[in-house]
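Survey of secondary and tertiary structure
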Amino acid sequence: MRKHATQARDEALAKAEVLIEALPWVHKHSGETIVVKYGGAAMEDKSLMRQVIGDLEMLKLMGMRVVLVHGGGKAINKLLSSLQLPVAFKDGLRVTDEATMEAVQMVLIGKVNQQLVWEFNRYGDNAVGVSGADGKTFVTRQADPELGRVGEIESVNTRLIEAILDDGYVPVIASVGTGDDGFYNVNADVAASKVAQALGAHTLVYLTDVDGLYRDRHDEDSLIAYMTKAEAHELLDGGTLETGMIPKIRSIVEALDSGVADVRILNGTFPHALLLEIFTNEDVGTMFVQGEE
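Bear in mind the structure is a predicted one, so any value in this text is a computation, not a measurement. (Residues numbered from 1 in each chain as written. Predicted model: local features only at pLDDT ≥ 70, side-chain atom pairs only at ≥ 80, totals over all residues. Heavy atoms only, no water.)

1. What to know about the packing of helix α7 (residues 229-237) against helix α8 (residues 246-258)
Defined as follows: Helix axes use the C-alpha atoms of the stretch in contact, all axes being lines fitted to C-alpha atoms, and the angles between their N-to-C directions lie in the range 0 to 180 degrees. Here a helix means four or more residues in a row that DSSP labels H or I, a strand means two or more in a row labelled E, and each is numbered from the N terminus. Note: crossing handedness is left-handed where the near helix turns anticlockwise from the far helix by less than a right angle, and right-handed where it turns clockwise. In this description, contact between two residues means that some pair of their heavy atoms is separated by no more than 4.5 Å.
At a closest axis distance of 10 Å, the pairing of α7 and α8 adopts a crossing angle of 145°. The two elements α7 and α8 meet at a crossing, and its hand is left-handed. Of the residues in α8, those touching α7 at Lys229, Ala232, His233 and Leu236 are Ile246, Ile249, Arg250, Val253, Leu256 and Asp257.

2. Section: the pairing of strand β9 (residues 176-179)
Note the following rule: Exposure classes here rest on a 1.4 Å probe applied to the protein chains alone. A residue is buried below 20% of its type maximum, exposed above 50%, and partly exposed in between. Note on pairing: two strands pair once DSSP finds at least 2 bridges between them.
Here β9 shows two buried faces, one formed by Val176 and Thr178 and the other by Gly177 and Gly179. Here four bridges tie β9 to strand β10 (residues 182-185), and the two strands are oriented antiparallel to one another. Pairing of threonine 178 across the sheet is with phenylalanine 183, part of β10.

3. Remarks on helix α3 (residues 73-82)
As a reminder, the rule being used: This arc is taken over the directions from the axis of the helix to the C-beta atoms.
Among all positions of α3, only Ala75, Ile76, Leu79 and Leu80 are buried. For α3, the angular spread of the buried residues around the axis is 135°, confining them to a single face. Along α3, exposed side chains directed more than 90 degrees from the buried face belong to Lys78, Ser81 and Ser82. Against the buried residues of α3 lie β4 (93-94) and α4 (98-120).

4. A closer look at α4
Convention followed: A helix is expected to span 1.5 Å multiplied by its residue count minus one. Two N or O atoms count as a polar contact when they lie within 3.5 Å, although within protein this holds only if one can serve as hydrogen donor and the other as acceptor, and sequence-adjacent residues are included solely when both atoms are side-chain atoms.
Its 23 residues place the ends of α4 32 Å apart at the C-alpha level, agreeing with the 33 Å of an ideal helix rising 1.5 Å per residue. Looking only at α4, the buried set comprises Thr100, Met101, Ala103, Val104, Val107, Leu108, Val112, Asn113, Leu116, Val117, Glu119 and Phe120. Taking the backbone nitrogen of alanine 99 as reference, a side-chain oxygen 3.3 Å away marks aspartate 97 as the first, capping residue of α4.

5. Looking at the packing of aromatic side chains
Under the convention used in this document: Think of it this way: a Phe, Tyr or Trp ring, Trp meaning its six-membered ring, pairs with another when their centres are within 6.5 Å, and the plane angle makes it stacked under 30 degrees, edge-to-face over 60, tilted otherwise. In this analysis the charged atom, NZ for Lys or CZ for Arg, is taken to sit over a ring once it is within 6 Å of the ring centre and within 35 degrees of the ring normal.
This structure, assessed with the given rule, holds zero aromatic pairs. Over the ring of tyrosine 184 we find arginine 149; its NZ or CZ atom is 4.3 Å from the centre of that ring.

6. Topic: the environment of threonine 137
Of note, threonine 137 is situated in the loop between β5 (127-131) and β6 (138-142). With sequence-adjacent residues up to four places away left out, threonine 137 is seen in contact with Ser131, Gly132, Ser155, Val156, Asn157, Leu160 and Ile161.

7. Some points on the sheet that holds strand β12 (residues 226-228)
The strand order across the open sheet built from eight strands is β5-β8-β2-β1-β11-β13-β14-β12, with neighbouring strands paired in mixed fashion. Bordering the open sheet on either side are β5 and β12, each of which pairs with just one other strand. Here the strands of the sheet are splayed against their neighbours by 20° on average, with no regard to which way each runs. Relative to strand β8 (residues 170-174), β5 runs parallel, the two being bridged by five bridges. Each residue of the ladder has a partner; that of alanine 127, found in β8, is valine 170. With respect to the sheet, α7 is in contact with β12 and β14 (286-289), its orientation differing from that of β12 by roughly 85°. On the sheet, α8 packs against β11 (203-208), β13 (262-267) and β14 and is oriented at approximately 150° with respect to β13.

8. Considerations on a negative patch on the surface
What counts is decided by this rule: Like charges are joined within 9 Å and nonpolar side chains (Val, Leu, Ile, Met, Phe, Trp, Tyr) within 5 Å, but only among residues with over 30% relative accessible area and no salt bridge; these make up the patches. Per-residue and other accessible areas follow the Shrake-Rupley method at a 1.4 Å probe size, with only the shown protein chains counted as cover for residues. The salt bridge definition used is simple: a Lys or Arg side-chain nitrogen within 4 Å of an Asp or Glu carboxyl oxygen. When charges are counted, neither His nor the chain ends are considered; positive counts come from Lys and Arg and negative counts from Asp and Glu. Charge positions come from single atoms, namely NZ of Lys, CZ of Arg, CG of Asp or CD of Glu.
On the surface, a cluster of negative charge is made up of Asp211, Asp216, Asp219, Glu220 and Asp221. Checked against the element boundaries, aspartate 216 lands in the loop between β11 and β12. Overall, aspartate 216 belongs to the partly exposed group, its relative accessible area being 36%.

9. Brief notes about unusual backbone geometry
Excluding glycine, residues mostly carry a negative phi; peptide bonds, for their part, are mostly trans. Although it is not a glycine, glutamine 84 adopts a positive phi angle of roughly 60°. On the secondary structure map, glutamine 84 appears in the loop between α3 and β3 (89-90). The backbone of lysine 136 sits at a positive phi, close to 50°, despite the residue not being glycine. Mapping lysine 136 onto the fold places it in the loop between β5 and β6. For lysine 136, a relative accessible area of 55% puts it in the exposed group.

10. A short note on the pattern of salt bridges
In total, this model carries 16 salt bridges according to the counting rule given. A salt bridge links arginine 141 to glutamate 152, with the nearest nitrogen and oxygen atoms 3.1 Å apart. Residue arginine 141 is found in strand β6, and its partner glutamate 152 is found in strand β7 (residues 151-156); the two are separated by eleven residues along the sequence. Residue glutamate 152 is classed as partly exposed on the basis of its relative accessible area of 34%. Between arginine 264 and aspartate 262 there is a salt bridge, with its nearest N and O atoms 2.9 Å apart. For the residue pair arginine 264 and aspartate 262, the accessibility class agrees, reading buried in each case.

This is how it looks when you write it as structure tokens:
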């Protein structure tokens, strides 16, 4: 009995020490705006999704202003396949005809967005789901005629986002924009970057299904822990990036250029990667910073 009581006390003490370790980080980040882009396989597993949403709720409770921007590429592909519609990409962006655009709206706004809001609201009255079309949050124009209804964001109207934040909710934003002639499919990486820039966010996080950026994707030991803005520019201009990574790295560079303090790529399938990255000294992904620290 005595051994059991001692073990229980030691476990409780260990938990207290974790909280104390996090205290300086909580103090540092309280009041800051963090924009999180959520996508990839990290969204496919419901238990992982609940864990990620729990982490975001923790950030909110610790005083951060949390904005979640999401895609849903795998779910879109699944619906397109069931409808026998083609799945095609050009330069890492989905080719989006009228039928595909309808599928994108159905999945992102009608399914994924509401699922994420529901997971948030398991913790209380915490989240509001919107799309970039609501309140003309994402004002877009056609990016490339060959891509169809793929939108390039011309401006971000932050009024709706800030109103939701000021009321104590987490805005959950589907990456769909609006133009003079209707809806546009918007790359979620780009959308998250544009939102972070418009809000003057301190931190932008890409939660995906990879550990971060690798110098050689075939070598697990080549994970890059830190990269400066200048190095990111060189990487983008060097022509060595895989096609699918180009929109992400370009959006990271644009965020840094606009004054976002740091951008991180984290593996959302790794338990509590977000909390470890923000509130500890552990490096669990790739962090892009303004300059040498």
